[in-house]
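Structural characterization, general
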Amino acid sequence: MNPLEAKPIATARLDLVPLRVDHAEEMATVLSDPALHAFIGGAPDDPEALRARYERLTEGSPEPGVSWLNWVVRLRDEDCLTGTVQATVTSSGQGGVAEIAWVVGTAWQGRGIAAEAARGLVDWLVRQPVRTLVAHIHPEHRASAAVAAAAGLAVTDVWQDGELRWLRRVDS
């Protein structure tokens, strides 16, 4: 499988825009609430740290056969960034496997943005040579579990680092 490249994705209300380093300033504000780290740990990055992180991400994975795909989520009507979606796609004999994740800033939560963005991401991935989608979600993070279900993933009984694996297989 050739490396994938993030392309723009449009949904009913959102534009998923391939990540650029210059998104760091606005995204530092979007992601500034420490509560966003309740289940994943850590603390919000300041603009400089986020810029450095985005530089690494936009350079791509150093591993052959691994694609780092990252988007910022723009709410079209308000013309503002609201969060991110990402996928790390690895090659396998049965098509690519995508580890997916999402985060929406506190100010925009409860509006279905994460679910719409995740569905847009998943719809795009299944049109690529991706046949398995995986997310890892803390068992108490009900909102994230609802997003995974809305994107067509189903919870499994597999645990990894204190999180449950959610899975969707796509027929070839």
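Turning to the packing of aromatic side chains, a few remarks are in order. A complete count under the given rule lists one aromatic pair for this structure. Ring centres of W71 and W124 lie 5.4 Å apart, and the angle between their planes is 75°; on these two criteria the pair is classed as edge-to-face. Placement of the pair is W71 in strand 3 (residues 66-75) and W124 in helix 3 (residues 113-126), with a sequence separation of 53 residues. Given the relative accessible area of 7%, W124 is considered buried.

A few words now on the environment of V89. Within the secondary structure, V89 sits in strand 4 (residues 80-90). V89 sits in the buried class, given a relative accessible area of 0%. A sequence separation of 17 residues divides V89 from T106, and the C-alpha atoms of the two residues are 27 Å apart.

Quick look at the pairing of strand 7 (residues 154-160) now. Pairing of strand 7 with strand 8 (residues 163-169) involves four bridges; the strand directions are antiparallel. By the bridge assignment for strand 8, W159 is matched with L164. Turn length for the strand 7-strand 8 hairpin, with the two strands adjacent in sequence and antiparallel, is two residues, and the turn residue D161 shows positive phi of about 50°.

One non-glycine residue, D79, adopts positive backbone phi at about 45°. Considering the arrangement of structural elements, one finds D79 in the loop between strand 3 and strand 4. D79 gets classed as exposed once you look at its relative accessible area, which sits at 55%. Of note, D161 is a non-glycine position whose phi angle comes to about 50°, a positive value. In this fold, D161 is placed in the loop between strand 7 and strand 8. By relative accessible area, D161 is classed as exposed at 74%.

An order of 1-2-3-4-5-6-8-7 is seen for the eight strands of this open sheet, with the pairing classed as mixed. At either end of the open sheet lies a strand with only one pairing partner, and these are strand 1 (9-10) and strand 7. For strand 2 (residues 14-18) and strand 3, the ladder comprises five bridges, and the chain directions are antiparallel. Bridge pairing in strand 3 links L16 to V73.

All right, on to helix 4 (residues 142-150) then. Here helix 4 has its buried residues at S144, A145, V147 and A148. Buried residues along helix 4 cover an arc of 155° about the axis, so they all sit on one side. Facing away from the buried side of helix 4 by over 90 degrees, the exposed positions are R142 and A143. If you follow the buried residues of helix 4, they end up packed against strand 5 (96-104), helix 3, strand 6 (130-137) and strand 8. Positive backbone phi, at 90°, marks G152, one or two positions downstream of helix 4.

Basis of the calculations
Residues numbered from 1 in each chain as written. Predicted model: local features only at pLDDT ≥ 70, side-chain atom pairs only at ≥ 80, totals over all residues. Heavy atoms only, no water. Phe/Tyr/Trp six-rings, centres within 6.5 Å; stacked < 30°, edge-to-face > 60°. Helix = DSSP H or I, 4+ residues; strand = E, 2+ residues; numbered from the N terminus. Buried < 20%, exposed > 50% of the residue type's maximum accessible area, 1.4 Å probe, protein only. Pairing = 2+ DSSP bridges. Arc of directions from axis to C-beta. Contact = heavy atoms within 4.5 Å.

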